[in-house]
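# Survey of secondary and tertiary structure
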Amino acid sequence: MWEAGIGRVITTPHIDGSLTRTAAAGPTLAAVDTAFHELQAAARARLPDLVVERGHEVMLDVPDPDLSDSRLRLADTSFVLVEWPRLMLPPGTVDAVARLRELGVRPVIAHPERYRGMAERFRLAEIWRQEGAILQVNYGSLVGRYGAGPRSLALRLLIAGWVDCLSTDFHGRPHLELHVSRVRALFEERDAVEQFDLLAATNTGRIAEGRDPLPVPPLRPQRRLWSRLKGLLGTE
């Protein structure tokens, strides 16, 4: 990550939201505490300028997880990285987002482009944002790592202007590429360096500091895609 130009990392190991409402959450978070402090110490020794902070990726397998423990939130802010279970869209997602907002939590919805059925329910993404959620797209989705469907959806979200930030979704898998430079090149091809900088640096930094992300201008469709869309709309 350091070699790719990333200067700040928030670790987000998975945790089930249902676990946060049980006594088992204590030992689980304590085990992550130990691992996180070891990581911080190692990073400080080898890369003293790299900032390493704590968070979790909370699966919303229940609509009302207990997120009062600051260790569950991104860098001790009000933002929490959340995902829907098993890459599916359960009923009541809008109500779940609204409930979290009522509790003072700002949900950052991980990889909306990768959920099954999202193409048919595309406007859900806009409604989540209207309810106060942040949308985070994976770098890998934009280079086809998860297939053509998620790549197409990621681009649709960017063209709609509904994406707030980008993330590696790396989760410590050493065999995976980060895809940061490849995605930057894709944005450069579309004359969209401003959008890339907002998504990859400005807004991720603002979230880590507990500040709202800035609006990201919609990505312009490539001419071929735009022509197809106009044809579907019956315009010239």
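Residues numbered from 1 in each chain as written. Predicted model: local features only at pLDDT ≥ 70, side-chain atom pairs only at ≥ 80, totals over all residues. Heavy atoms only, no water.

### Brief notes about the nonpolar core
Convention followed: Put simply, buried Ala, Val, Leu, Ile, Met, Phe, Trp, Tyr and Cys residues joined by side-chain atoms within 4.5 Å make one nonpolar core. Burial classes follow relative accessibility: with a 1.4 Å probe on protein chains only, a residue under 20% of its type's maximum area counts as buried, one over 50% as exposed, and anything between as partly exposed. By definition, any uninterrupted DSSP run of H or I lasting at least four residues is a helix, any uninterrupted run of E lasting at least two residues is a strand, and each is numbered from the N terminus. Every residue pair with non-hydrogen atoms within 4.5 Å of one another is taken to be in contact.
Formed by 53 residues in total, the largest nonpolar core has its most connected members in W84, I109, W128, L142 and F187. Per-element tally for this core: the top contributor is helix α5 (residues 148-160), with 5 residues. What F187 contacts, discounting residues up to four positions off in sequence, is L142, L158, A192, V193, Q195, F196, L199 and L219. One finds L74, L81, V108 and I207 within the second-largest nonpolar core, a separate group that totals 8 residues.

### Notes on the pattern of salt bridges
This is how the line gets drawn: When a carboxyl oxygen of Asp or Glu is within 4 Å of a side-chain nitrogen of Lys or Arg, the pair counts as a salt bridge.
The tally for this structure, following the rule as stated, stands at 14 salt bridges. For R8, the salt bridge identified is with E53, shortest N-O distance 2.8 Å. With R8 in strand β1 (residues 8-11) and E53 in strand β3 (residues 51-54), this residue pair connects regions lying 45 residues apart in the sequence. By relative accessible area, R8 is classed as partly exposed at 34%. Among the salt bridges present, the one from R106 reaches D212, with a minimum N-O distance of 2.6 Å. In this pair, R106 sits in strand β6 (residues 106-110) while D212 sits in the loop between α7 (193-208) and α8 (223-233), placing the two residues 106 residues apart along the sequence. Taken together, the salt bridges that share partners define one network made up of R8, E53, E209 and R211.

### Quick word on the sheet that holds strand β4 (residues 57-59)
What counts here: At least two DSSP bridges between two strands are needed for those strands to be called paired. Note on method: axes are straight lines fitted to C-alpha atoms, helices fitted across the in-contact stretch only, with angles between N-to-C directions ranging 0 to 180 degrees.
Spatially, the 6 strands line up as an open sheet ordered β2-β4-β5-β6-β7-β8, and their pairing is parallel. A strand with exactly one partner marks an edge of an open sheet, and here the two such strands are β2 (14-16) and β8 (165-167). Taking each pair of neighbouring strands and ignoring which way they run, the sheet shows an average axis angle of 35°. Inspection of the sheet shows β4 paired to strand β5 (residues 79-83) by 3 bridges, in the parallel sense.

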